[in-house]
2 protein chains.
Amino acid sequence: METKSEIKKRIDTLRALMTREHMDGYLIVSDDFHGSEYVGDFFKERAYMSGFTGSAGVLVVLRDKAALWTDGRYFIQAEVQLQDTGITLMRQGLKDVPSLSDYLLAELREGDVLGMDGRTITVRRLKELEEKLEKKAITFKTDQDLVGQIWQDRPEMSHKPTWILKEALSGKSAAVKIGEIRTQMEQQEIKGYLMASLDDIGWLCNLRGADVECTPVALAYVLIDSEKVILYMQKESLNDQVANYLTRNGIECADYFAIYEDLSSYSHDNIYFDPNKVNVSLLEQLPQTVKKMEGQDLTALPKAKKNAVELAGEKTAHVRDGVALTRFLYWLKTHVKTETITEISGATTLEQFRKVQDGYLMPSFEPIFGYAGHGAIVHYSATKETDAALRQEGFLLMDTGAHYDVGTTDVTRTVALGPATERMKRHYTAVLIGHLALLNCKFPYGTTGTNLDVIAREPLWRLGLDFRHGTGHGVGHILSVHEGPQNISQKWNQIPLEEGMVISDEPGYYETGAYGIRIENLMVVAKDEESEYGQFFHFEPLTLCPYDRASIDETMLSDVDKKRLNAYHKRVYEMISPHLQEEERMWLENETKPVS
Amino acid sequence: METKSEIKKRIDTLRALMTREHMDGYLIVSDDFHGSEYVGDFFKERAYMSGFTGSAGVLVVLRDKAALWTDGRYFIQAEVQLQDTGITLMRQGLKDVPSLSDYLLAELREGDVLGMDGRTITVRRLKELEEKLEKKAITFKTDQDLVGQIWQDRPEMSHKPTWILKEALSGKSAAVKIGEIRTQMEQQEIKGYLMASLDDIGWLCNLRGADVECTPVALAYVLIDSEKVILYMQKESLNDQVANYLTRNGIECADYFAIYEDLSSYSHDNIYFDPNKVNVSLLEQLPQTVKKMEGQDLTALPKAKKNAVELAGEKTAHVRDGVALTRFLYWLKTHVKTETITEISGATTLEQFRKVQDGYLMPSFEPIFGYAGHGAIVHYSATKETDAALRQEGFLLMDTGAHYDVGTTDVTRTVALGPATERMKRHYTAVLIGHLALLNCKFPYGTTGTNLDVIAREPLWRLGLDFRHGTGHGVGHILSVHEGPQNISQKWNQIPLEEGMVISDEPGYYETGAYGIRIENLMVVAKDEESEYGQFFHFEPLTLCPYDRASIDETMLSDVDKKRLNAYHKRVYEMISPHLQEEERMWLENETKPVS
């Protein structure tokens, strides 16, 4: 870790460069050039400049001040890491803490210049800043990566080998997908379409890579018109097999950085792009006369609606993952009595159980193993400093997932490591009732996740409790574990749930300092009956892993709740037990036996 | 009713006036000058010009064509009334039927002039038309009421006597309410506030009138600044008592039509108004330099959140109304066996039961009595031609309500007039389960009606059924029976439910040609516990009337459903039985006895 004096020196150097470039402030974000959720080490400029290593945060350096915004899950870490650096910590969301744009509006002077690396700033983000700061006539200089000029030992930009997701697993050739996108373009009179979203590009080209942690994508751009599809990618990532597949599907390859020049000679009269994904430096290349058409990536909805082949892969992946997690849970329940297991060592062991499964690729996100009070920290990730040893009491919350060669998983189970108290059971059971109610609901076409959210929340509300996160997110097929456009949230999302969408069902309850409970299955939207009220849908569970029998207060369950619980456990036993050793099977049989 | 040839003559006369005024089209709506839901006879220009008397519809007259848009509930009536008039019926919402604005865009020529009486067109409506028709450079002429020039026997504009809702019933003086609105104005730097919404004006001034059917409001405008409040009203509506109250509360009176001149000499630099309520002719008066600030009426939220005094009145009103409706239901169930009762005569009898209650003023909306297949027509209103005789079978749906001197009711009960079939019971019980679940839910601050809607719908979805209307609407206090800004609907409404809001809970199910089921209570949002997840709320039922015991399939009820049903029925019996005669009481006792 950097010393505090190193950080101070870097900030001073940056200020000197700002003076040279006539900038009064400089914005340093945690984003790559693609609006990605996770980023490679090359892009971690904010961590380099501030010493704060959390996944979310924005640093602003002014002539005489510096401040960093991060959210609740990182307050403690940021306090420690920013101490004595001269950087003020802004605790996002707390009362009396100004937003980034309010701060800039207050601190910058009329007509000041704010610098930033435009490649790391999405079109949407700059637009919001511009609207806010126009009151003070602030101008923006986006053509300099000043941190890049300071950062001597910067890691190389990742260019790991890529591979093709076979059509036996993707269900559709890249050529067919491109044809479908071109149909959308024709309908909307779009002449050219610029893509920067890495998982959308991966889906379109059936291409997978390893340039982003936990997300098997390659750094790339795509430019499509009615004649050509150009994939901009670092040549080191390509091999013959990939190149041949792309060529066969009508995709030309160009160098990753050639996109800028190509855009400067762009010849159509309009261009479509997703302003949440495309960065401002790309757009600045375009001739002034090109009409800009903004909207969600055209691939977003077809990518979200998994086809039958993708779903078959997901189901296979979930059997493998369910076997791994069930075996681990048995191991955990038995070994916690006799061995020292910590949050980190437990997560490592779980990964070993996954690694022996067929086609295991990598974790789909950083594992969350939160024991006791750590479980109440919603995005807790154990570090050497915090790593807690598990005792034979309290709850352990485990939110983990993996990519397999056939599909992606994301599952949370919470288990009592000793006898569950009445209070623990009451909370666990309330979460479980909501989780099962959502898993078992049926709804007509047009229903959005916002319409359904309360189903999972209501049993907690009844107790005066709640959880402060969404209830469900979409999941990609060997792509990003968080994928839109659908979700299940109290905040309005207008996207109707449609056949083939994979989405999580993960209510929780968190008691600060005591424990966290979350129960998460992935499920897929499937057709139900069609009536005069339209096509109805229900959810089919993908995740196959028992709930924690010892934590259920059966007296809280209605007959309907019991039926739902028993049906799910029956399915788990049937699908998972054939893959277990006898003692594991016996344990699972007991865990999944019907409640009456 | 007008003959078809009279209608044709009127349209020809209008076309001659259009030619004189250089208009290529003329728009005739059903609205008053205030964006009201119901309007007085003076304003029924569209009915006069087309012969179509439904409550919703827009007529467009072009040089050589005329067309009228109305919605599903009026298709049959409009077909008959428009036949042989030369006016084409546009069945709104059906496939291949153009919207009004699409039609105008197609039919008008580049640069054409569209005329309308700007006093009947809200700012929002004109803006939407302008945005749509700018492609053809259509201009708008809004300063002529051409229909008014044709309409010789036009009814006088209503100016019924007004009265003051005493502070013992409103809970707050007009002066105090005005002070609260001025505080909002200061916070938002609003210099002047123009009000056109009749129920908002009624609420602010504690003023009630009788210029609109079923809605005790007076035709009026209000202009407020930091020094003055001017109420523009027809002088015939005023009496000394009202005038004195207004004066005491700092409200000046001016003539209804003087608002136009006052706006033309408006001297502040900004003005606030609700674009859904204020008409374009008002705005056209304002000096060009005045900055226009648009938003929901500042009175909307304080009007929606009833105070303790208003709520006490509502509770009293609901006891009276519950007694009337319960007595009527007993009368109906016994007399349907021996007497000829029709939809209209039944509704009339129910009104008689209400009229003998203390402080009865008027119906709060046109009663809906829908027998058998008529019940499936969501906004059915019996006419002489359709009036059905009740038989000892099938469902009768009754959606009615009243204003009393202390509060307003709106209640729907559906009863089986003979033995209910299994099918009828299944549908009735599914509606009832959802209705009770919503009535009994508990939710934290921030929850909107959209978040809760599914609770009432879900039991129907489970059967592959649904209903095609919202689940709940706000209700005014001796004002409009439909009042915002809160509602309970699948369509996004961002307004959180707050303490004191009155809202309906009215799921339904409609089987075309067979029957309609709707069960509606009004309920009030009340404080529940406060936890670390914020202030929780629950609903308290206002409506007091038994559900139809004979239509309930008890085998479909869970223990929780039974508890909810029994608790409500216990409350009904306790509150209503003291006001009944012995045979009525015995019947109610039986209807409300607990299910087990």
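Everything numeric here is computed off the predicted structure, so don't read it as measured data.

A. Fine view of the interface of chain B and chain A. Each partner contributes to the interface: chain B provides 30 residues, whereas chain A provides 30 residues. Carbon and sulfur atoms supply 53% of the area buried between chain B and chain A, which totals about 2,500 Å² over both sides. Along the contact surface separating chain B from chain A lie zero salt bridges. The interface formed by chain B and chain A includes ten residue pairs in polar contact (both at pLDDT 80 or more). Counting residues per element, the ones that place at least two in the side of chain B that touches chain A are β20 (442–444), α17 (449–461), β24 (508–511) and β26 (521–531) of chain B. Here the element with the most residues in the side of chain B that touches chain A is α17 of chain B; it accounts for seven residues.

B. Looking closely at the relation of the copies chain B and chain A. Least-squares fitting of chain B to chain A yields an RMSD of 0.1 Å, with the superposition described by an axial translation of 0.1 Å and a rotation of 180°. This pairing of chains is accounted for by a two-fold axis. A shared binding surface is used by both copies, with 100% of the interface residues of chain B retained as interface residues in chain A.

C. Layout of the sheet that holds strand β19 (residues 411–416) of chain A. Residue and element names in this part refer to chain A. Pairing in this open sheet of three strands is antiparallel, and the strands run β16-β17-β19 from one edge to the other. The sheet is open, and its two edges are formed by β16 (368–371) and β19, each paired on a single side. Neighbouring strand axes in the sheet, compared pairwise and without regard to direction, differ in orientation by 10° on average. The pairing of strand β17 (residues 395–400) with β19 spans six bridges and is antiparallel. Within β19, the residue paired with aspartate 399 across the bridge is threonine 412. On top of the sheet, helix α14 (residues 308–335) reaches β16, β17 and β19; it is set at about 15° to β19, its chief contact.

D. Local environment of the pairing of β17 of chain A. All names here are of chain A. The buried count for β17 comes to six of six residues, which makes it a mostly enclosed element. Because side chains alternate across β17, one face comprises the buried residues Phe395, Leu397 and Asp399, and the other comprises Leu396, Met398 and Thr400, equally buried. Sheet topology places β16 next to β17; four bridges connect them, and they run antiparallel. From the neighbouring strand, glycine 370 faces β17, where its bridge partner is leucine 397.

E. How the structure looks around the environment of leucine 231 of chain B. All names here are of chain B. Position of leucine 231 among the secondary structure elements: in strand β11 (residues 229–233). A residue is classified by how much of its surface remains accessible, and leucine 231, at 0% relative accessible area, is buried. Sequence separation between leucine 231 and phenylalanine 75 is 156 residues, and the spatial gap between their C-alpha atoms is 40 Å. Setting aside anything within four residues of it in sequence, one finds leucine 231 in contact with Ile201, Cys205, Leu207, Ala220, Tyr221, Val222, Leu246, Ile251, Glu252, Cys253 and Ala254.

F. Inspection of the sheet that holds strand β17 (residues 395–400) of chain B at higher detail. Residue and element names in this part refer to chain B. On the basis of which strands lie adjacent, the open sheet formed by three strands has the order β16-β17-β19 and antiparallel pairing. Edge positions in the sheet fall to β16 (368–371) and β19 (411–416), since each of these pairs with one other strand and no more. Each adjacent strand pair in this sheet contributes to an overall mean axis angle of 10°, direction not counted. Contacts between helix α15 (residues 343–355) and the sheet are confined to β16, β17 and β19, with β16 contributing the most and set at about 140° to the helix.

Calculation criteria
Residue numbers run consecutively from 1 along every chain, following the written order of its sequence. Chain letters and ligand numbers both follow the written order, the letters beginning at A and the numbers at 1. Only residues with pLDDT of at least 70 get local features here, since the model is predicted, and only at 80 or more are side-chain atom pairs given and counted; chain-wide, interface and lining totals rely on the full set of residues. In computing side-chain values, all of the structure's heavy atoms are included and hydrogens and water are not. In what follows, a contact means two residues having at least one pair of non-hydrogen atoms within 4.5 Å. Summed over both partners, the accessible area lost on bringing two parts together, with a 1.4 Å probe, is the buried area. Any Lys or Arg side-chain nitrogen located within 4 Å of an Asp or Glu carboxyl oxygen qualifies as a salt bridge. Polar contacts, as counted here, are pairs of nitrogen or oxygen atoms within 3.5 Å of one another; within protein the pair requires one atom able to donate a hydrogen and one able to accept it, and residues that are adjacent in sequence qualify only if both atoms are side-chain atoms. Each helix is a run of H or I in the DSSP string that is no shorter than four residues. Each strand is a run of E no shorter than two, and both are numbered from the N terminus. Superposing the copies works by least squares over the C-alpha atoms of residues that have pLDDT at least 70 in both of them. Pairs of strands are assigned from DSSP output, requiring at least two bridges between the strands. The axes used here are C-alpha line fits, helices contributing only the stretch in contact, and every angle between their N-to-C directions lies in the interval 0 to 180 degrees. Burial classes: relative accessible area under 20% of the type maximum marks a residue as buried, over 50% as exposed, and values in between as partly exposed (1.4 Å probe, protein chains only).

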